Amino acid sequence: MPKPMVVFSGNGLHVYWILKTDLTPEEWMPLAHALKAAVVAKNFEVDAGLMTNNALVLRPLGTHNHKNGKEVKLLIDSPSVDISDIMSALGYYMNAAPEIKHKVEQSSLLKNLAATTEFPPANPITVAKKCQQIDWAINNPEEVPEPIWYDLLGVAAYCSTPEETAKEWSSGYSGYDPTETVLKMQRWKETTTGPATCDKFDADRPNGCKGCKFKGKIGSPARLGVQYDEIPLKDVTLDSNANQVPMPKPFKRTASGVKISIDETDLDVCPFDVYPVSYGKDEDLGYEVVRFHWNRKHHGWQELKMRQALLTTEKRNDFSAAIADQGIVLANNKQTEYFQLMLRSYMNELRQMRAMTNLYSTMGWKENYSQFVLGNRLYRNENGVVSCESVTLSSSSQRLGEELYSTKGSLDAWRDFTKLLDKADMPHHKFALGVGFAAPLLSFTGLKGLTISLYGPTGGGKTLIQLWQQSIYGAPDKLHFASKFTLNSLFNRLGLYNNLPMTIDEMTTMNDKEVGDFIYWVTQGKDKARLSRSAEERESKEWSTTVTISTNRSLMSKLYSAGLETDAQIARLFELNIPQHKLFTHSTEAGKQIYNFIHNNYGVAGDMFIRNLMELGEHAIRAMIAEAQASFSSRYGVTFAGHERFWEHLIILVDLGLRLANDWGIVDFDHTDGIYAALNQVDSMKVDAASNKFDALDMVSEYLNEFSDTAVTIMHIKGNKPTPDFNRIPRNDLRIRFDLYKNKPSDIFDKGTVLLDRTHLRKWLSKHGVDYRGFVEDLRREKALATPKSEKASLGKDTPIKLGQTYVVGVNLAHPRLQGVLDEADRALEDATLGSMSVVK
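These numbers were taken from a predicted model, which means no experiment stands behind them. (Residues numbered from 1 in each chain as written. Predicted model: local features only at pLDDT ≥ 70, side-chain atom pairs only at ≥ 80, totals over all residues. Heavy atoms only, no water.)

Draft legend 1. Highlighting the overall build of the protein. Along the backbone of the protein there are 31 helices and 23 strands. In the protein, which comprises 841 residues, the share counted as buried stands at 47%. Within the protein, residue pairs in contact and separated by at least 24 positions form 69% of the contacts whose partners lie at least 6 positions apart. Accessible area for the protein stands at about 42300 Å²; split by element, carbon and sulfur atoms hold 49% of it. (Helix = DSSP H or I, 4+ residues; strand = E, 2+ residues; numbered from the N terminus. Buried < 20%, exposed > 50% of the residue type's maximum accessible area, 1.4 Å probe, protein only. Contact = heavy atoms within 4.5 Å. Areas by Shrake-Rupley, 256 points an atom, 1.4 Å probe, with all protein chains shown as cover.)

The following block contains the structure:
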């Protein structure tokens, strides 16, 4: 450094560098901090706090120090220096110095508007014992510089006995004046908004805070003497079990938020209350998450949810970002560290008391039938005791779960209203309502899905009973699926319902192919495989439940007439013909009353039904189903064939579900006539299936009709060259070849075969749900199979179309069921001949 000017102040030395140019405070402050950093680093004994105070002025020469009367003298003079010399000498310390934040003076208006913080009184004995700076000042009164003494008074002002504390901490000094001490302390209280800070002590005596175990954890030494009263958790409405989990030590719940007690000192953690709710795996996200509730000012209790890994990570920026995204911003890094530790400790306490609660994205049975999710409620059976707790679903299902499976009204009213089904003689509606109680039981049978079609003319109350069925578990108008939808949206919703019933309005609007696909996929229990945007296969939606649809026309008839029916589809569809009922045909009043009632009383029946199922437990439920299956035949006098197992399981489960609901006081009607109505429907379906059997020869006819524009006809007359029908030469693909035979031109075609492109045929059969091998076996049994031994043929032989050989399936046209093809060939030939003669004429 350049040579300085040195002045004796009457009580020490003042060292000055006189600059050649003026500096603004903003320009001067970095140099002052750099000089302070330099002298502290060199262990100079200086009043470091004064070195960065730009309000101090030089003590004039020739004056006297008022403290001791000694004269102020110039000891060493020095010429003025360039600012560049100072900057060059202090360059290292200027680069290492912290960013300087300048204080901006406030107007009196701004000061009045400024928010102030309430500081509880501190215990002066504890403060003096724990703060190194204050302890040193009390024990070394003659060495205490004025800035440090003023800092002491700034802490004393916020102690429980401010005046006594200020006097006691100052009395050791030889020049002690009690009146001046109290006035100085009062001055601090009047001109500041809080106690002296740790940063102020550190600036005025830099090495004094070195090694302090509270450094960076508190803002002021006054906090060392503050202890808060612990209070219980209160005003909690979101989780009735919250009080079971104690606040982990050394944390404590206080009226001003959560604190951590370190060496009998309460330090801030967060200015709000918080408690744990649950932990578990999120089905959608694929990893474990933790859930808390925190009491947000002006908003009340809100959820705090994050990945569990964030409670253990040392990368606190990730944790800070996670809580900030949900509205929590803490004062400093230390508070964030404490907050993370508290949440982790709280969660450890919860694990000791409560089992894992996963965040599910679907309703129904969970964890090997020990849990059941219904909306935002989780029913749990632990050691035979059933509990119900409020849970949060995964992010993709939370809103839907709360809206769909809510509750309203009373169970008594809902039960009493079911008496109407007896009074109005509505057996079909009893069965349809019972399907709702059968849905949660289906999973125990191994079946994945059943489709129940309610069909019949308008005025039967089909849609109304679907809504009534949905009112068992939640809001019927939201749970009932509208008629206009895509299959993707339908399967997404089916995956959400999982083990709870689904109802769909007016399936007649679907095309024939979609109807067949839907019936098949319902029983598969999972959606088709799909790819995500990153070309990875998504996890398929799964379910095991009932789907009740309403139509004006029999779906079986729809499939029969479309030629798309297969045994597999028919076996998976149960149709219930709902006849018109006088309750709805005479007027609309009864329908309106039922509609209004179930829209004001819903969800309560399902709550009781699931609670009782959970109390039974998995083994008892399986035993009940086994007993119901064993006794059903004797009770109702019926037996089922092997291929009728879907129908059998449905009717037995409906019977069991309604019996349980009656025993548990959920419904109040005799359901047996509803079971008999369903059994009568089984007989009708058997008759329909027999009379509308669609076999392999029907499939051949359907194939020939659909692809007639890809066929060629070759006519063979004994002794003549084979002749193609030039009027029917395909322009594009060639899939079918007719070979027709007769002895003389005047004869009719009495023999023939048709060759079908095997590859194309197999794809077509698969598309329609038909097994190719079974198809071929049916043709063989009918003695209609006429495939060449080589199984190959050239479909374009004897025609202008030149193709290589391809694999084919041959069918004998002489079969009585296909004789019409030969007759058509004769008429076609006759028409072609007449046409040629007309042209010649």
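There's plenty left to go through after this.
Draft legend 2. A look at the side chain of Ser453. Note on placement: Ser453 falls in strand S14 (residues 449-455). With relative accessibility at 0%, the residue Ser453 sits in the buried group. When neighbours within four sequence positions are excluded, Ser453 is seen to be in contact with Ile549, Thr551, Leu555, Leu573, Phe574, Glu575 and Leu576.

Draft legend 3. Structural context of the sheet that holds strand S7 (residues 274-281). The antiparallel open sheet is built from three strands, whose spatial order is S7-S8-S9. Edge positions in the sheet fall to S7 and strand S9 (300-307), since each of these pairs with one other strand and no more. On average, each strand axis in the sheet is inclined to that of its neighbour by 20°, with strand direction left out of account. Where S7 and strand S8 (residues 288-296) come together, seven bridges link them in antiparallel fashion. Among the inter-strand pairings, Ser278 is bridged to a residue of S8, identified as Arg291. Running over the sheet, helix H12 (residues 333-353) touches S7, S8 and S9 and is turned about 65° from S7. (Pairing = 2+ DSSP bridges. Axes fitted to C-alpha atoms, helices over the stretch in contact; angles between N-to-C directions.)

Draft legend 4. Spatial organisation of H12. With 21 residues, H12 extends 31 Å from end C-alpha to end C-alpha; this agrees with the ideal 30 Å at 1.5 Å per step. Looking at H12, one finds that the buried residues are Gln335, Thr336, Tyr338, Phe339, Gln340, Met342, Leu343, Ser345, Tyr346, Met347 and Leu350. (Expected span 1.5 Å × (residues − 1).)

Draft legend 5. Layout of helix H26 (residues 645-663). Under the 1.5 Å per step criterion, the end-to-end length of H26 is 27 Å for 19 residues, consistent within 8% with the ideal 27 Å. Summarising burial for H26: 14 of the 19 residues are buried, a large majority. Just past H26, the residue Gly665 takes up positive phi, approximately 70°.

Draft legend 6. Here's a closer look at the pairing of S14. Of all the seven residues making up S14, seven are buried; the element is thus mostly covered by neighbouring parts of the structure. Alternating positions in S14 separate into two faces, Gly449, Thr451, Ser453 and Tyr455 on one and Leu450, Ile452 and Leu454 on the other, with burial throughout. Of the pairings in the sheet, the one linking S14 to strand S16 (residues 545-551) comprises seven bridges and is parallel in character. What sits directly across from Ser453, in S16, is Ile549. Pairing of S14 with strand S17 (residues 573-577) involves five bridges; the strand directions are parallel. Looking across to S17, one finds that Ile452 is bridged to Phe574.

Draft legend 7. How the structure looks around the packing of helix H28 (residues 696-706) against helix H30 (residues 772-781). Two elements in contact, H28 and H30, have axes separated by 8 Å at closest approach and are oriented at 110°. Between H28 and H30, the interaxial angle falls into the category roughly perpendicular. Counted together, Ala696, Leu697, Met699 and Val700 of H28 and Phe775, Asp778 and Leu779 of H30 form the full contact between these two elements. In terms of residue class, the contact of H28 with H30 is built from six nonpolar, no polar and one charged. (Parallel < 35°, antiparallel > 145°, perpendicular 65-115°, else oblique. Nonpolar A, V, L, I, M, F, W, Y, C, P; charged D, E, K, R; others polar.)

Draft legend 8. Highlighting the sheet that holds strand S2 (residues 13-16). With antiparallel pairing, three strands are arranged side by side in an open sheet as S2-S1-S3. The sheet is open, and its two edges are formed by S2 and strand S3 (73-76), each paired on a single side. With strand direction ignored, the average angle separating the axes of adjacent strands in the sheet is 30°. Relative to S3, strand S1 (residues 5-8) runs antiparallel, the two being bridged by three bridges. Pairing of Phe8 across the sheet is with Lys73, part of S3.

Draft legend 9. Geometry of the side chain of His815. The topology assignment puts His815 in the loop between strand S23 (806-812) and helix H31 (819-840). Within polar-contact distance, the side chain of His815 engages the side chain of Glu782 at 3.2 Å. The residues touching His815, leaving out its near neighbours within four places in the chain, are Leu697, Glu782, Lys783 and Ala784. (Polar contact = N/O pair within 3.5 Å; in protein donor to acceptor, adjacent residues only side chain to side chain.)

Draft legend 10. Fine view of the nonpolar core. Counting 98 residues, the largest nonpolar core has Trp414, Phe431, Phe574 and Ile651 as its most contacted members. With residues up to four places along the chain from it excluded, the contact list for Phe574 reads Phe431, Thr451, Ile452, Ser453, Trp647, Leu650, Ile651, Ala678, Gln681, Val682 and Met685. Core analysis: the next-biggest nonpolar cluster, separate from the first, contains 65 residues, Val144, Ala196, Phe201 and Phe272 among them. (Core = buried A, V, L, I, M, F, W, Y, C linked by side-chain atoms within 4.5 Å.)

Draft legend 11. Broad picture of unusual backbone geometry. In this structure, Pro250 follows Lys249 across a cis peptide bond, with omega equal to 5°. With a phi close to 55°, Asn368 is a non-glycine residue in the positive phi region.

Draft legend 12. Spotlight on the packing of helix H25 (residues 604-636) against H26. Where H25 meets H26, the axes come as close as 9 Å, and the angle between the chain directions of the two elements is 125°. Our classification of the angle between H25 and H26 gives oblique. Here the hand of the crossing between H25 and H26 comes out right-handed. Taking contact as the criterion, the partners of Phe609, Leu613, Met624, Ile625, Glu627, Ala628, Gln629, Phe632, Arg635 and Tyr636 in H25 are, on H26, His649, Ile651, Ile652, Leu653, Asp655, Leu656, Gly657, Arg659, Leu660 and Ala661. Taken together, the residues of the contact of H25 with H26 sort by class into 13 nonpolar, three polar and four charged. (Left-handed = near helix turned anticlockwise from the far one by under 90°.)

Draft legend 13. Summary view of the environment of Phe640. Mapped onto the elements, Phe640 comes out in the loop between H25 and H26. For Phe640 and Val682, which are 42 residues apart along the polypeptide, the C-alpha to C-alpha distance reads 9.5 Å.

Draft legend 14. Spotlight on the packing of aromatic side chains. By the definition in use, this model includes 22 aromatic pairs. Where Tyr275 meets Trp301, the ring centres are 5.1 Å apart and the plane angle is 65°; that geometry is what we call edge-to-face. Highlighted residues: Tyr275 in strand S7 and Trp301 in strand S9, separated in sequence by 26 residues. Counting every residue linked through ring pairs, the aromatic cluster contains Phe272, Trp294, Phe319 and Phe339. One Lys or Arg, Lys184, reaches over the ring of Tyr150 and ends 5.3 Å from the middle of that ring. Here Lys259 stacks its cationic end above the ring of Tyr228, 4.5 Å away from the centre of that ring. (Phe/Tyr/Trp six-rings, centres within 6.5 Å; stacked < 30°, edge-to-face > 60°. Lys NZ or Arg CZ within 6 Å of the ring centre and 35° of its normal.)

Draft legend 15. Focus on a nonpolar patch on the surface. Side chains of Leu13, Val15, Leu75 and Ile76 sit close together on the surface and give an oily, nonpolar patch of about 360 Å² of accessible area. Put simply, the parts of the chain that give the nonpolar patch at least two residues each are S2 and S3. Mapped onto the elements of the fold, Val15 is located in strand S2. A relative accessible area of 43% means that Val15 is categorised as partly exposed. (Patch = residues over 30% accessible without salt bridge, like charges linked within 9 Å, V, L, I, M, F, W, Y side chains within 5 Å. Salt bridge = Lys/Arg side-chain N within 4 Å of Asp/Glu carboxyl O.)

Draft legend 16. Representation of the pattern of salt bridges. Overall, the coordinates contain 32 salt bridges when judged by the stated rule. One connected set of salt bridges, linked through shared partners, spans Asp151, Lys200 and Asp204.

Draft legend 17. Spotlight on the state of the cysteines. Overall, the coordinates contain zero disulfides when judged by the stated rule. In this structure Cys131 is not part of a disulfide, and its nearest cysteine sulfur, from Cys209, lies 6.5 Å away. Here Cys209 is not cross-linked by a disulfide; its sulfur's nearest cysteine counterpart is in Cys198, at 6.2 Å. Its relative accessible area of 11% is what places Cys209 among the buried residues. (Disulfide = S-S within 2.5 Å.)

Draft legend 18. Layout of the environment of Ser80. Assignment of secondary structure puts Ser80 in the loop between S3 and helix H2 (83-89). When neighbours within four sequence positions are excluded, Ser80 is seen to be in contact with Ile18, Leu19 and Lys20.

Draft legend 19. A look at the pairing of strand S13 (residues 385-390). Here strand S12 (residues 377-382) pairs with S13 via six bridges, running antiparallel. Within the sheet, the bridge partner assigned to Arg377 lies in S13 and is Ser390. Between S12 and the antiparallel strand that follows it, S13, lie two residues; Asn383 among them carries a positive phi value of about 55°.

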